[in-house]
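Summary of the model geometry
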Amino acid sequence: MDVFKAVETYITKMVSEPSAMKVLLLDTHTTPIVSSASTQSTLLSHQVYLTDRIDNKRRDRMAHMKCVCFIQPSEDSLEALAAELREPKYGEYYLYFSNILTKSAIERLADVDEYEVVREVQEHFADYIPILPSLFSLGHTPTADRSLYGSSATTWDPKALERAVQAIAAVLLSLKKKPVIRYESMSPMAKKLGVEIQHRIQSEASLFDFRLTQVAPLLLILDRRNDPVTPLLSQWTYQAMVHELIGINNGRVNLSLVPDIRPELAEVTLSTSTDSFFQAHHLATFGDLGTHLKTYVQMYQSKSQAHAPSNIQSIEDMKRFVEEYPEFRKLGGNVSKHVAIVGELSRLVERDKLLTVGEVEQGLASGGQGADLKTVQDLVTDPTIPPFNKLRLVCLYALRHQKTQAANNIASLIELALKNGVDREDAKLVYVLMNIAGSDQRQDDLFSTDSLLAMGRSALKGLKGIENVYMQHAPHLSQTLENLFKGKLREASYPFIEGAGINAGLQRPQDVIIFIIGGATFEEARTVALLNEASSNTSGATGSTSTSAGLRLLLGGTCIHSSSSFVEMIKCAAASFPSSVYDPPAVLANNLPALNINLGGVNVSLGGNTTGVYRTSGDMGVGVQADGIRDGMKTLFGKVKQGVDQIRNS
Amino acid sequence: MSSRSTSASTAASTTTTPVSSIPRTITPVSGASAGFYRPGFQPKGVYRPRTDEFAEARKSKRSAGKIEQTRLERRLEKLINLHFSEPSEKSKTLQPPPARQRRSSLFDLDFSELRGKSASELWKDVINSQAQNGKNDIRAAEQRITPWEGDSAVSQCPICLVSFHPITNRKHHCRLCGRIICSLPVRHPQRPVTCSLLFVANTKTGVIEEVGEGIDYGVRRRTTSTMGPGKGIPPPGDDDKFLSGVRICRECRSVLLRQQHIQEAHSTPMFAKLYTLLISIEKEVEDLLPQFQELLLSLNNDERPTAGASAARKRLVEAFAHYDAAAKRIRNLPCVRGSSQDRVQMAILARANLFLQKNMFPLQSLPKPARRTNSGSSTPSTPTLALNETTIDPDSELAHALQPLLEQEALLETFVQEATTKRKFENAQTLRENLKEIRGEIDRIVANAEREQAHGKGKGRT
């Protein structure tokens, strides 16, 4: 279930025919798909010498070139293609569509093909953006005019729904999976999507006609609203950090805002398929990353010394130099790229005091007791912390303590945030978030606070030792998946779409495709990637009975969120929701006293004993570790930078 | 839906075909990332060919308009013959009434035609009378090809619905379908494109070009830019310099375009020919390389490699030289800066460079024995090399010492060039220094050799 390979295979197939000079025409939808799954050199090696947009009216006529068209069968693209066929600019046309083409669309195109230039019409289901082998995105970051939600947080925008159905059908077709579908019962959107996909599978039975596997694969549809915490956190692994702090857009990172950036590094590509360093370390934590980068730079340094003019003394040296030079130059480019990115990351971390903020965030998000009201208040009043980070902290605090703390705590925090630079419009979002993704909306317990069992679990976690204070939080997805592997995922919370068969609940699926409505995160992608790795390792060992052996996971989302894009999505969506979404949640306003009494007992009994023990030990460890990381980072980057400067100067 | 199910089954049957037989720069990494899954497990994704359905639909649509289309096409052919064939042919096809052919005087006008003409037109007629004579003949011939719509029947342009006016908006006939249209310029929003256009053709090359509006259909040959009506009156009747465009309506343009397309698709420009050559050389190299590699393996421990190996190497080096030359020629073909053609040529050069980088550089790393014996036979690829080769005995010690140096020199030169064009000046600097060192080394060796030679000769004499 490697989506990257699947899409790459499709694209390779499209561009390898015919064997002649080719133009590749794309539309706005397919451009990011092709650019993330293929490289310029791959296209060149298939004789694609020109890539252009189909809606670009000012393309030159080149009758001696053949044209490969890869577009989405949408109204706009079909119209542009029809215009192109009416007055063809190229010799022959090979049309590929990213999804199912209707009969009428075929007739419409046949109608305008007066020159009879069309040689091939095919459907290739590369209709989603592969980001990692086990991560795909629909590339739909919701904005005001391209919304994901309808009139409330539980209904789809019809266009967005159709798009999601198409894309997931394409994922299934490209991997040849005919799954049973489960969804989060709290989410009407998930159910709707599941039903629509099921319907699509049934209505296109001839396409979904695969050899059946022993256990049917599973499509698990989740809703972001059941875990609003993960996308709000600062990230501490390489790929996630880059996305969170700088932004990865179709595999490209825009560094033009970085101070003193060299012009050739203003925009760099960051893809696991073309960059071996990134492939090896995109999941590494920030601390580890520093070490890896240091070795990488040292390797470059030693090579560059070997390539220094003073070291080329014999003819053999020269010969070696000439042979290795292209490779060396490539390495040099890659080293300076990663040094620039990591340097920028560490600059941003320092500038925004993210190490301090992150520590508190982790405390709020994971079951542990890292952060109380006082710490959050201190951070919110700190003038050096940017308002957006304060907003995130308040959101996290509100989500965490919605039920366990007095409402005035949250209200006073919001007040405090307003006084300390947070925009009024943004501050409203705290209530919006509580209303659409608060504890009443969620079906699972996110913070493991209100049951004895959960408390015990988090205590166990504490005993095992957390290797890094910034990595305490595990996304809710990992809990869901663990339950799934153990066969403990309850059918009440994760029901099947009708027609799954009677025994569906008893079977343990091998292939699981997870789709998160409202966007996945790189943190979840990391969880999935690590589980995949673990399962491929254990299945390699003979007859292992580990729960995750032989499992293959694939994660997808309507988009890949950073905290800013998530907040932006909530903001845009709330604008079209009923205005009551901005009001403080009812639970806070009215029946608070009663609630306090209900929960009070649990709180006191647990808070006193168990957490007290772990708090002290945890705090100590945290302090030491955090210092270690901080010091390590600073000295490390000093060294790395020096090294690079030396190389550059020599 | 039977066609659907069959196509789906063919899709299912072609699952095992390997895809990535093409050289890619990213192969090792994608292999590693695929390691998360059991290797080779993933089936190829579903695809569904719908070409047959498309062809079917196209066939049923096409047959209807076929007759009308062929008729228009035939008319276009005749029109082109009439207007753009060589003068000798023209006189044959025209067969004009002899009386009119004689007229050359300024005042010798056909009064029957004056009726219904405006004053400005009359004036124009006087100026262009010489041309006008010929024009009337042509007009008659045009009407023989296409029956023209009567002037009185039309009061407004059928496409943009603007009323005609004897001065500001004159009536024009489409020479293909015969109906009356206007020639007004583009005006938003009611007329996003002009209702009629002019074209010229070249019967020899078959090239059909659309041209801009010019006074009285006089259009400068080979211009595609629009000429404003104020740009001066072209000297009438000067057939060598000026061609008059033939007017057709917007709706008949497709016939023209179709003809144009067919003609362009059939002609192969220089560029395409060079490209075919390039690809054929590439194929040749790809065929030769494995053979050579095999030969090389058998040579590794051998002190004296076979003649076959050196011949193969020679052929490869030659092929690379040709390849390089072809790629550079393609790049240097004239084209408009920034046009698609320019981008294509640039891309082809990029591909060629990738290919050379991938295949030519490994060629340099031959084991010593092969290199030594080959050094004499490998063809010189740079002028410097050729220069030295002429003066130095190829089998001498000196040649052996020089050969690798000279090769490095040539390579370094290309690197320097590349680095400079890519504006990687740091790299270029380093490379230039290396180049200087290599050149110094060459000079030193040559000087040494000369001294020795002189010395040896002196010895021989004594």
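Residues numbered from 1 in each chain as written. Chains lettered and ligands numbered in written order. Predicted model: local features only at pLDDT ≥ 70, side-chain atom pairs only at ≥ 80, totals over all residues.

In the nomenclature of an unreviewed UniProt entry, chain B is known as FYVE-domain-containing protein of Thelephora ganbajun.

Labelled according to an unreviewed UniProt entry, chain A appears under the name Vacuolar protein sorting-associated protein 45, originating from Thelephora ganbajun.

1. A word on the overall build of chain A
Within chain A, the secondary structure is distributed over 22 helices and 16 strands. Considering only intrachain contacts with a sequence separation of at least 6, the fraction spanning at least 24 residues in chain A is 80%. (Helix = DSSP H or I, 4+ residues; strand = E, 2+ residues; numbered from the N terminus. Contact = placed C-beta atoms within 7 Å.)

2. With respect to the nonpolar core
Proteins that are soluble and globular tend to have nonpolar side chains buried together. If you look at the biggest cluster of nonpolar residues, it comprises 201 residues, and the most contacted ones within it are C69, V171, I221, V394, L433 and I514 of chain A. A total of 11 residues in this core trace back to one element, the largest contributor, which is helix α6 (residues 158–175) of chain A. Residues within four places of I514 of chain A in sequence aside, it is in contact with L220, L222, L477, L553, L554, L555 and G556 of chain A. Formed by 26 residues, the second largest nonpolar core is a distinct cluster that contains L79, I80, C174 and L197 of chain B. (Core = buried A, V, L, I, M, F, W, Y, C linked by C-beta atoms within 7 Å. Buried ≥ 20, exposed ≤ 12 C-beta atoms within 10 Å, placed from the backbone.)

3. Points about the sheet that holds strand β1 (residues 22–26) of chain A
Ordered by their spatial adjacency, six strands build an open sheet running β2(A)-β1(A)-β3(A)-β4(A)-β5(A)-β1(B), and the pairing between neighbours is mixed. Strands at the two margins of the open sheet, each flanked by one partner only, are β2 (48–53) of chain A together with β1 (47–49) of chain B. Strand-to-strand twist in this sheet, taken as the mean axis angle between neighbours without regard to direction, amounts to 25°. Note that strand β3 (residues 62–71) of chain A and strand β4 (residues 90–97) of chain A share seven bridges and pair parallel. Directly across from V68 of chain A, in β4 of chain A, lies its bridge partner Y94 of chain A. (Pairing = 2+ DSSP bridges. Axes fitted to C-alpha atoms, helices over the stretch in contact; angles between N-to-C directions.)

4. Focus on the confidence of the model for chain A
Residues and elements named next belong to chain A. Per-residue pLDDT for chain A has a mean of 80; in total, 82% of the residues score no lower than 70. Across residues 541–546 the pLDDT falls below 50, and counting only partners more than four positions away or on other chains, this stretch makes four contacts in the model. Across residues 588–629 the pLDDT falls below 50, and counting only partners more than four positions away or on other chains, this stretch makes 32 contacts in the model. (pLDDT = per-residue confidence, 0-100.)

5. What about the interface of chain B and chain A?
On the side of chain A, 73 residues touch chain B, which itself brings 69 residues to the contact. When residues of the side of chain B that touches chain A are assigned to their parent elements, the largest contribution, 12 residues, is made by helix α11 (residues 340–364) of chain B. Looking at side-chain class alone, the side of chain B that touches chain A contains 34 nonpolar, 21 polar and 14 charged residues. (Nonpolar A, V, L, I, M, F, W, Y, C, P; charged D, E, K, R; others polar.)

6. Points about the packing of helix α12 (residues 354–365) of chain A against helix α13 (residues 373–381) of chain A
Residues and elements named next belong to chain A. Between α12 and α13, the shortest axis-to-axis distance is 11 Å and the interhelical angle comes to 150°. With respect to their mutual orientation, α12 and α13 come out roughly antiparallel. The chirality of how α12 crosses α13 is left-handed. Residues T356, V357 and V360 of α12 pack against T375, V376 and L379 of α13. Class assignment of the residues belonging to the contact of α12 with α13 gives a composition of four nonpolar, two polar and no charged. (Parallel < 35°, antiparallel > 145°, perpendicular 65-115°, else oblique. Left-handed = near helix turned anticlockwise from the far one by under 90°.)

7. A short note on the packing of helix α1 (residues 3–16) of chain A against helix α2 (residues 30–37) of chain A
Residue and element names in this part refer to chain A. α2 packs onto α1 with a crossing angle of 105° between their chain directions and a minimal axis gap of 9 Å. Put simply, α1 runs roughly perpendicular to α2. Contacts between α1 and α2 pair F4, V7, E8 and I11 from the former with I33, V34 and A37 from the latter. In terms of residue class, the contact of α1 with α2 is made up of six nonpolar, no polar and one charged.

8. Side note on unusual backbone geometry
Residues and elements named next belong to chain A. Following E17, the chain continues into P18 via a peptide bond in cis, with omega recorded as -10°. Relative to the assigned elements, P18 resides in the loop between α1 and β1. Even without glycine at this site, Q47 takes up a positive phi of about 65°. Residue position: Q47 is located in the loop between α3 (40–45) and β2. With a phi close to 55°, E116 is a non-glycine residue in the positive phi region. When you line up the elements, E116 lands in the loop between α5 (103–112) and β5 (118–124). In this structure E116 comes out as partly exposed when scored by C-beta crowding, with 16 C-beta atoms within 10 Å.

9. Describing the pairing of β4 of chain A
Residue and element names in this part refer to chain A. Where burial is concerned, most of β4 is hidden: eight out of the eight residues are buried. Assessed by its sense of winding, the connection that carries the chain from β3 through helix α4 (residues 75–86) to β4 is right-handed. Alignment of β4 against β5, held across five bridges, turns out to be parallel. Its bridge partner being in β5, Y93 is matched across the sheet by V118. (Right-handed = clockwise from strand over helix to strand, strands pointing away.)

10. A look at helix α16 (residues 424–437) of chain A
Residues and elements named next belong to chain A. Here α16 spans 20 Å end to end across 14 residues, near enough to the 20 Å set by a 1.5 Å rise per residue. Its maximal kink placed at Y431, α16 deviates by approximately 25°. Among the residues of α16, those classed as buried are L429, V430, Y431, V432, L433, M434, N435, I436 and A437. (Expected span 1.5 Å × (residues − 1). Bend = angle between axes of the 7 residues up to and from the residue.)

11. Observations concerning the domain arrangement of chain A
One frequently used descriptor of interface size is the decrease in accessible area upon assembly of the parts. Residues and elements named next belong to chain A. The domain architecture assigned to chain A consists of domain 1 (3–126), domain 2 (133–226 + 475–519 + 545–556), domain 3 (238–352 + 630–649) and domain 4 (355–461 + 520–544 + 557–629). Distance between the C-alpha centres of domain 1 and domain 2: 30 Å. In this assembly, 12 residues from domain 1 lie in contact with 11 residues from domain 2. Residues belonging to the side of domain 1 that touches domain 2 are distributed by class as follows: nine nonpolar, two polar and one charged. (Domains from an automatic or database assignment.)

12. Looking at the pairing of strand β5 (residues 208–211) of chain B
All names here are of chain B. Pairing analysis gives four bridges linking strand β4 (residues 196–201) to β5, with the strands arranged antiparallel. Its bridge partner lying in β5, L198 is registered against V211. Between β4 and β5, which pair antiparallel one after the other, the connecting turn spans six residues, and G206 there sits at a positive phi close to 80°.

13. As for the sheet that holds strand β7 (residues 135–137) of chain A
Residue and element names in this part refer to chain A. Strand order across the open sheet formed by six strands is β6-β7-β15-β13-β9-β8, with mixed pairing between neighbours. Whereas interior strands pair on both sides, the edge strands pair on one side only; in this sheet they are β6 (129–132) and β8 (180–183). Strand-to-strand, the axes of this sheet are offset by a mean angle of 25°, without reference to chain direction. Sheet topology places β6 next to β7; three bridges connect them, and they run antiparallel. For L132, the partnering residue across the bridge sits in β7 and is L135.

14. Looking at the confidence of the model for chain B
Residues and elements named next belong to chain B. Scored by pLDDT, chain B has a mean of 67; 58% of the residues are at 70 or more. Element-level pLDDT for chain B is lowest in helix α2 (residues 27–33), with a mean of 35, against a maximum mean of 90 in β1. Below a pLDDT of 50 lies the segment residues 1–40, which in the model reaches 60 contacts outside its immediate sequence neighbourhood of four places, other chains included. Contacts for the low-pLDDT stretch residues 368–395, under 50 throughout, to residues beyond four places or in other chains number 47 contacts.

15. Overview of the environment of K436 of chain B
Residue placement: K436 of chain B occurs in helix α15 (residues 425–461). Measuring from C-alpha to C-alpha, the distance between K436 of chain B and F292 of chain B comes to 33 Å, with 144 residues separating the pair along the chain.

16. A short note on the environment of I315 of chain A
Residues and elements named next belong to chain A. One can find I315 in helix α11 (residues 315–351). Residue I315 is classed as partly exposed on the basis of its 14 C-beta neighbours within 10 Å. Measuring from C-alpha to C-alpha, the distance between I315 and A190 comes to 68 Å, with 125 residues separating the pair along the chain.

17. Regarding helix α18 (residues 476–485) of chain A
Since there are 3.6 residues in each turn of an α-helix, residues three or four apart along the chain are aligned in direction. Among all positions of α18 of chain A, only H476, L477, T480, L481, L484 and F485 of chain A are buried. The positive-phi residue at the C-terminal boundary of α18 of chain A is G487 of chain A, with phi of around 75°.

18. Comments concerning the environment of P309 of chain A
Position of P309 of chain A relative to the elements: it lies in the loop between α10 (286–307) and α11. Owing to 16 C-beta atoms within 10 Å, P309 of chain A belongs among the partly exposed residues under this scheme. As a C-alpha pair, P309 of chain A and F321 of chain A span 12 residues in sequence and 9.9 Å in three-dimensional space. Apart from residues lying up to four places away in sequence, P309 of chain A is in contact with T430, E433 and N434 of chain B.

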